[in-house]
Amino acid sequence: MKLDSAPVTLAGVNPTISQPEIQESTQSHLATAIIEPVEDSPKKQEPALAVFATTFVTIFLAEIGDKTQLSTLLMSAESHSPWVVFLGSGAALITTSLLGVLLGSWVSKRFSPKTLDKSAGIMLLFISLTLFWDIFHG
């Protein structure tokens, strides 16, 4: 632990952030300070409505105009049964989202967030390099 990384609470100061506490030792005539770290409070989770709204907006914007939407549009036009296509594509999107949530939950229990970030970065870099290779040599 770095010595300069731990803030100290002084007497008369209201500790609003998780900081070490200073206590006086009664074992000697001199007042000596004993620094004991205060346990960090667990990270507060965002409200469910905020998580839902963020997820909805992110996925909605990512899906506009993608190949799934275009495929659904074409299938609806060809089949002349838009509600059947809607139900089929909706069921498919729900199923793929469920798989993503379940896989994400499983992976998050087995790997640290830092490892997941690095892995995602490496996979995206690999996909980008593969696409560039295909463009220039395809």
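Remember, predicted model here, so these are calculated numbers, not experimental data. (Residues numbered from 1 in each chain as written. Predicted model: local features only at pLDDT ≥ 70, side-chain atom pairs only at ≥ 80, totals over all residues. Heavy atoms only, no water.)

### Quick word on the overall build of the protein chain
Step number 1: Counting its regular elements, the protein chain contains four helices and two strands.
Step number 2: Scanning the protein chain from its N terminus toward the C terminus, one meets helices and strands in the order β-β-α-α-α-α.
Step number 3: Here the protein chain, with 138 residues, has 6% of them falling under the buried criterion.
Step number 4: If you take every contact in the protein chain between residues at least 6 apart in sequence, the share linking residues at least 24 apart comes to 5%. (Helix = DSSP H or I, 4+ residues; strand = E, 2+ residues; numbered from the N terminus. Buried < 20%, exposed > 50% of the residue type's maximum accessible area, 1.4 Å probe, protein only. Contact = heavy atoms within 4.5 Å.)

### Thoughts on the packing of helix α2 (residues 67–79) against helix α3 (residues 82–110)
Step number 1: Where α2 contacts α3, the two axes come as close as 8 Å, and the packing angle between them is 155°. Classified by the angle between their axes, α2 and α3 sit roughly antiparallel to one another. Between α2 and α3 lies a crossing of right-handed hand. Where α2 abuts α3, its residues Thr68, Thr72, Met75, Ser76 and Ser79 lie against Pro82, Val85, Ser89 and Leu93. (Axes fitted to C-alpha atoms, helices over the stretch in contact; angles between N-to-C directions. Parallel < 35°, antiparallel > 145°, perpendicular 65-115°, else oblique. Left-handed = near helix turned anticlockwise from the far one by under 90°.)

### Notes on α3
Step number 1: Taking 1.5 Å of rise per residue, 29 residues should cover 42 Å, and α3 covers 42 Å from first to last C-alpha, within 8% of that figure.
Step number 2: For α3, the complete set of buried residues consists of Val85, Ser89 and Val107.
Step number 3: On the buried face of α3, the contacting elements are α2 and α4 (113–137). (Expected span 1.5 Å × (residues − 1).)

### Remarks on the confidence of the model for the protein chain
Step number 1: Model confidence for the protein chain is summarised by a mean pLDDT of 79, while 69% of its residues fall at 70 or above.
Step number 2: Ranking the helices and strands of the protein chain by mean pLDDT puts α3 first, with 94, and strand β1 (residues 21–24) last, with 52.
Step number 3: Every residue in residues 1–5 is under pLDDT 50, and counting partners more than four places away or in other chains gives one contact. (pLDDT = per-residue confidence, 0-100.)

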